[in-house]
Amino acid sequence: MGMGRLSQEQIVFGLALLLCVGFALALPGFLTTNNVLNLVRSVSILGILGVAMGLVVIGRGIDLSLVALMAVSVAWALHMVGTGMPLPQALIIALAFSLFIGAVNGWLVAYVEIPAIFATLAMGTLIYGFGRYFLLDLDVVYMPEAARHILWLGQGTLFGVPVPIFLFAAVCLGGHLFLRYAKSGRYLRAVGDNMLAARITGVPARPVVVLQYVLSSLIGFMAGIVTAASVASMNTRLAISTYVYDVILVVVLGGIGLSGGRGGIRNVIVGTLLIGVLLNGMTILDIQYTVQNVIKGAILLTAIVIDTILNPRDEQTAQQGDI
Amino acid sequence: MAVSDTLVRWRYRLVPDHLLGEILTKRWVDNAIPVLILVIVVAVFGSLIPDFFGAASIANLMRQWGEFALIVLALMIVMVAGGIDLSVGSTFALGNIVALALLSVGEWPVWAVVAATLACGAAVGLVNGLLVGYLRLRAFLTTLVTLIIVRAVVDMLLLKYSVAIAGSFVDSDLWYWFGEGGILGVPFSVVVIAVLAIATHLVLSRTRAGWHVLAVGGSRRSAHNVGIPVRRVICMTYVASGTLAALAGVLLASRLGGAGADTGVGLEIAALTAAVLGGNSLGGGRGSAAKAIIGSITVMIMVNGLVRLGVVRGGSSLMLGLVLLAAVAIDVRWLKNRLKFLNKVYVSPTYAELPAAPSTEGASPYALNDRLRSVEAIGLDRIDGPEDVILDGDDNIYVGNRTGDIVRFLAPDYARQEVFAHVGGRPLGMAFAKDGALLVCIGGMGLYRVGMDRSIEKLTDETNRSWFSIIDDSRLRLADDLDIAPDGRVFFSEATIRYEMHEWPVDCLESRGNGRIICFDPNTGTTRTVLKNLVFPNGICVMHDGQSFLFAETWTCRVSRYWFEGPKKGTVEPVIADLPGYPDNINRASDGTYWLALVGMRTPAFDLALKMPGFRKRMARRIAPDEWMYPNINTGCVLRFDEAGRIIETLWDLGGESHPMITSMREHKGHLYIGGILNNRVGRLTLEGVDTSWTGQASYWGGQSSDGAKP
């Protein structure tokens, strides 16, 4: 990248800084240590989910069932603990459920060849319906006494810094190392860049696609634990909210192209920062929730337009019906 | 016959295996699966819920369905052009609140409310269209975002106006008639969707604009290359979709008269499920109004049925998710594998048993000899595949070739050749009519007449359609050989109705009666099927008596006689039932007997295979066509028989040195001219002890025809 041209990542980072400065000047109390820590803590869950989504998007997929799966599996874990099951056992069962659904997603995309966007959209609806019908009695599952140990993950601090920030950092580090140094991480990028070419060179393309959805469900589960620990409950209506689009917003804004193969964890961090600053600022400004939605929508739309211009769809590898 | 053979024979006689492949070739199969699902859903919920289809229940359900079907129709229009519009649910809610607000708070007249609401929906569609069509954004994400934004706008409007709406009273009969009235007892919303569905169908299937939409959905790049304004077409589909969704919102507003926060929430999933379940493909190119209607009824019944059954708490989400996944999976797999599957199941062999093959050695009339050794070659390597040979009164030779010409070799030495006429298809059997014109059966085209002035005229390319045939058998696929009765009627054989010209040997794997003999009457211009269910009828020759014709059925190795006039009119009698090879063309000989070409000889292995249809079916499914076991069609002979079926002589060419591959022969002035469909020459054999002035034309039409043809 030459000096004259800025990457999307740099632009977004600059925007985030600009917003920071703007808010700091305009809003008293924005730049206090407390608010900044609060800001980062509030977006660290979004960031963790962003890493999960980022991995899938780099592999030229998309996971719209991410939030639904997170909400239902963690709520189920809490529910099981509430009925007397030991915490570790409940967590392991819920995690296994989560990983299984992730694998099913991957199988549907890689082997049945359903477009990722439909497979995961339908899966999201299905998981929510399944959870509400078979697993849970109520929309909101509160954290039972027996699960108090994990509250620390969401509400505790370490060296004066909230724990979720450390978790976000750890997930980012793990994701970065995976993408950069693990063989399967390289495969994932290759498959995302050009699946046919990757397959011809001998990359096990389909298993790699399954892997990316399993990873996303794993990281999503961790994000769910942190969410539940932060507010001491899990609201399954999150599954049918627009939260998952905030996650996509983070990824796309950060500069991970939806056509796959581009970007890394750093993009997720930058995107998270911008969204965090924006949400925090809008909340301090006391902007109405619906208006916030319009603003977020407009920003996401702009981000997609810029993404389309910067990463034009490749007519050779884009398939008919790749919508 | 062994018991097991009998069982196999009845098994293949009673079970029509070939129908599966024929059904799969039909376009309506695309709709058959959704209709089947609909029938199952109706049956299940109808039996689970008493009075589910009672009058009161139906009336209520239909009114709701009208609105839902409009949204599915909207989505279908976008999907068929290769896009997707998830914002329909929000646009629906927007239409609802805007209509109510204008009517209650703005106190606009009804017509203005409807117009303004539709314009509102069209505006949302235009935004989508500009972004997806012109800026080429990803349809899915873009419309998801507009879904969120429009939903947020609806929420804002709700906050502002819902109290005012609830408190006001609309004073308009027309408005209430929208929501509660109907035409002839049919709810208004159902009338609207019926009219719009028919209009959509007509536009998509009959107008230029509709073809553009389908073309863009079928292949965007090709549509662009042929000059269709792809971006504008895509944009317009979104505008149409937004307008229809807003119209559904107006209908909802007139029916309920209130606005809630959950109006249209999750509707896009239900609509998407309905559209895909009806058979509209994701990614475009395949879709219709009928499919949208079928899918919307199915989903409507499922959702309402679950509610009536008392299934709550996410039950309908679970079901919609499952159905959507299953429908998309079927859609993807079906589109990908339909042709592959069709190729596997189309070939459907049946049981066929041939009588024991007569010997070709010793004292047998078929005994091998070398009498074709003295055949001389005409046009060697200058003609490709002369299936039939015929000579005119001036002794010129006419043959067809593989590239769609009728070639004429000029008498007397046949050194010069010219393209007599280019007909385009594969010329097969030929005969001269009484007026001297050449009638030709052209594979893939039908029956044609080529005048001596080289004018080409189609006589017929279709016959009456059978009532119970699944594939359309009215078109002629493989007209093979013909002959002309004294009154001018043309009898010609169509070898098979299931295969095209280039696949004709595959028909032998089936050995079913796929062929027929058809009569074209030039006096009335009509074409009727005369004999059906013949096993590859091939050669045909009007007998010397002028009342009957001989026809050869290639894969059953027999020659039969059919009377079309006289006391035995309409009956078929076997003439030769056990040939040692596969008969092809039959022609008259000078002494009142008949010439017959055997295109290939039977082999014990293939005869055995004919009794084992399961074996041939496995072969057709599991191995490549190049590796299939075909009948031998390389080595054959010419033989002469009389009308009682006695074999008089047989002419062989041992080793195929002078003239391999024989499909026809024609006697003319003491010579026998031989053609072969895979051969590179026309053969000429001098016959001993025959009438050297005899010609085919004189035999058919007396002397005048050959005189008439002379200049």
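Account for the pattern of salt bridges, with residues named and values stated.
All names here are of chain B. Throughout the structure, instances matching the rule amount to 45 salt bridges over all chains. Close ionic contact of Arg 475 with Asp 461 constitutes a salt bridge, the shortest N to O distance being 3.0 Å. Of this pair, Arg 475 sits in the loop between strand E11 (456–460) and strand E12 (479–484) while Asp 461 sits in the loop between E11 and E12, placing them 14 residues apart in sequence. On the basis of relative accessibility, which here comes to 44%, the residue Arg 475 falls in the partly exposed class. The exposure class of Asp 461 is buried, given its relative accessible area of 14%. For the salt bridge of Glu 643 with Arg 561, the shortest nitrogen-to-oxygen distance reads 3.8 Å. With Glu 643 in the loop between strand E22 (637–641) and strand E23 (647–651) and Arg 561 in strand E18 (residues 558–563), this pair connects stretches of sequence that are 82 residues apart.

A description of the interface of chain B and chain A should follow, citing residues and the corresponding values.
Taken together, the contact pairs 46 residues of chain B with 48 residues of chain A. Counting each side, the surface lost to burial between chain B and chain A is near 4,000 Å², with a carbon and sulfur contribution of 73%. Elements supplying a minimum of two residues to the side of chain B that touches chain A: helix H7 (139–167), helix H10 (208–218), helix H11 (220–225), helix H13 (267–277) and helix H15 (315–346) of chain B.

Kindly report on the state of the cysteines, identifying the contributing residues and their values.
All chains considered together, the criterion is met by zero disulfides over all chains. Looking at Cys 172 of chain A, it has no disulfide partner, and the nearest cysteine sulfur is the one in Cys 20 of chain A, 17 Å off. Judged by relative accessible area, Cys 172 of chain A falls into the buried class, the value being 7%. You can see Cys 557 of chain B has no disulfide; the closest cysteine sulfur is in Cys 508 of chain B, sitting 8.4 Å from it.

So what's going on with the sheet that holds strand E13 (residues 490–494) of chain B? Which residues, and what values?
Residue and element names in this part refer to chain B. Overall, antiparallel pairing links the four strands, which are arranged E12-E13-E14-E15 in an open sheet. Each edge of the open sheet carries a strand with a single partner, namely E12 and strand E15 (526–534). Averaged over all adjacent pairs, the angle separating strand axes in this sheet is 20 degrees, with direction ignored. Where strand E14 (residues 515–521) and E15 come together, six bridges link them in antiparallel fashion. Bridge pairing in E15 places Asp 521 opposite Thr 526.

How would you explain the domain arrangement of chain B if you had to name every residue and give the values?
Taken domain by domain, chain B consists of domain 1 (55–343) and domain 2 (371–462 + 472–709). A C-alpha centroid distance of 60 Å is found between domain 1 of chain B and domain 2 of chain B.

Let's hear about the sheet that holds strand E20 (residues 581–588) of chain B: which residues, and what values?
Residue and element names in this part refer to chain B. Spatial strand order, E20-E21-E22-E23: four strands in an open sheet with antiparallel pairing. Both edges of this open sheet fall to E20 and E23, since each of them pairs with a single strand only. In this sheet, adjacent strand axes meet at a mean angle of 25 degrees when their direction is disregarded. In terms of strand pairing, E22 meets E23 through four bridges, oriented antiparallel. Bridge assignment links Leu 639 to a residue of E23, and that residue is Thr 650.

Any chance you could break down H10 of chain B for me, citing the residues and the numbers?
Residues and elements named next belong to chain B. Taken as a whole, H10 has its buried residues at Gly 210, Val 213, Val 216 and Gly 217. Seen end-on, H10 carries its buried residues on one side only, within an arc spanning 125 degrees. If you follow the buried residues of H10, they end up packed against helix H4 (55–80), helix H9 (188–206), H11 and helix H12 (230–256).

Just give me the short version of the packing of aromatic side chains, but keep the residues and values in it.
Under the counting rule described, the total for this entry stands at 21 aromatic pairs over all chains. Where Phe 130 of chain A meets Phe 134 of chain A, the ring centres are 5.1 Å apart and the plane angle is 45 degrees; that geometry is what we call tilted. On the criterion of helical spacing, the pair formed by Phe 130 of chain A and Phe 134 of chain A is a turn pair, its members being four residues apart in helix H5 (residues 116–135). The class for Phe 130 of chain A is partly exposed, based on a relative accessible area of 28%. Taking the centre distance of 4.9 Å and the plane angle of 40 degrees together, the rings of Phe 491 of chain B and Phe 549 of chain B count as tilted. Remark: Phe 549 of chain B occurs in strand E17 (residues 548–553) and Phe 491 of chain B occurs in strand E13; sequence separation between them is 58 residues. Each member of the pair, Phe 491 of chain B as well as Phe 549 of chain B, is classed as buried. An aromatic cluster of three or more residues is present, and its members are Trp 76, Phe 97, Phe 130, Tyr 133 and Phe 134 of chain A. The lysine or arginine in question, Arg 588 of chain B, covers the ring of Tyr 700 of chain B, its NZ or CZ lying 3.7 Å from the ring centre.

I'd like a description of the side chain of Lys 296 of chain A, backed by residues and values.
Residues and elements named next belong to chain A. Of note, Lys 296 is situated in helix H13 (residues 289–310). For Lys 296, a relative accessible area of 10% corresponds to the buried category. Sequence-distant contacts of Lys 296, defined by excluding residues within four places in its chain, comprise Asp 246, Leu 249, Leu 279 and Met 282.

Provide a residue-level description of the packing of H4 of chain B against H9 of chain B, including the pertinent values.
Residue and element names in this part refer to chain B. For the pair H4 and H9, interaxial distance at closest approach is 7 Å and the crossing angle is 20 degrees. Judged by the angle between their axes, H4 and H9 are roughly parallel. As for how H4 packs across H9, the hand of that crossing is left-handed. On the side of H4, the interface is formed by Met 62, Arg 63, Trp 65, Gly 66, Glu 67, Ala 69, Leu 70, Leu 73, Met 76, Ile 77 and Val 80, while H9 contributes Phe 188, Ser 189, Val 190, Val 192, Ile 193, Leu 196, Ala 197, Thr 200 and Leu 204. Considering only residue class, the contact of H4 with H9 consists of 15 nonpolar, three polar and two charged.

Thresholds, definitions, all that
Residues numbered from 1 in each chain as written. Chains lettered and ligands numbered in written order. Predicted model: local features only at pLDDT ≥ 70, side-chain atom pairs only at ≥ 80, totals over all residues. Heavy atoms only, no water. Salt bridge = Lys/Arg side-chain N within 4 Å of Asp/Glu carboxyl O. Helix = DSSP H or I, 4+ residues; strand = E, 2+ residues; numbered from the N terminus. Buried < 20%, exposed > 50% of the residue type's maximum accessible area, 1.4 Å probe, protein only. Contact = heavy atoms within 4.5 Å. Buried area = accessible area lost by both parts, 1.4 Å probe. Disulfide = S-S within 2.5 Å. Pairing = 2+ DSSP bridges. Axes fitted to C-alpha atoms, helices over the stretch in contact; angles between N-to-C directions. Domains from an automatic or database assignment. Arc of directions from axis to C-beta. Phe/Tyr/Trp six-rings, centres within 6.5 Å; stacked < 30°, edge-to-face > 60°. Lys NZ or Arg CZ within 6 Å of the ring centre and 35° of its normal. Parallel < 35°, antiparallel > 145°, perpendicular 65-115°, else oblique. Left-handed = near helix turned anticlockwise from the far one by under 90°. Nonpolar A, V, L, I, M, F, W, Y, C, P; charged D, E, K, R; others polar.

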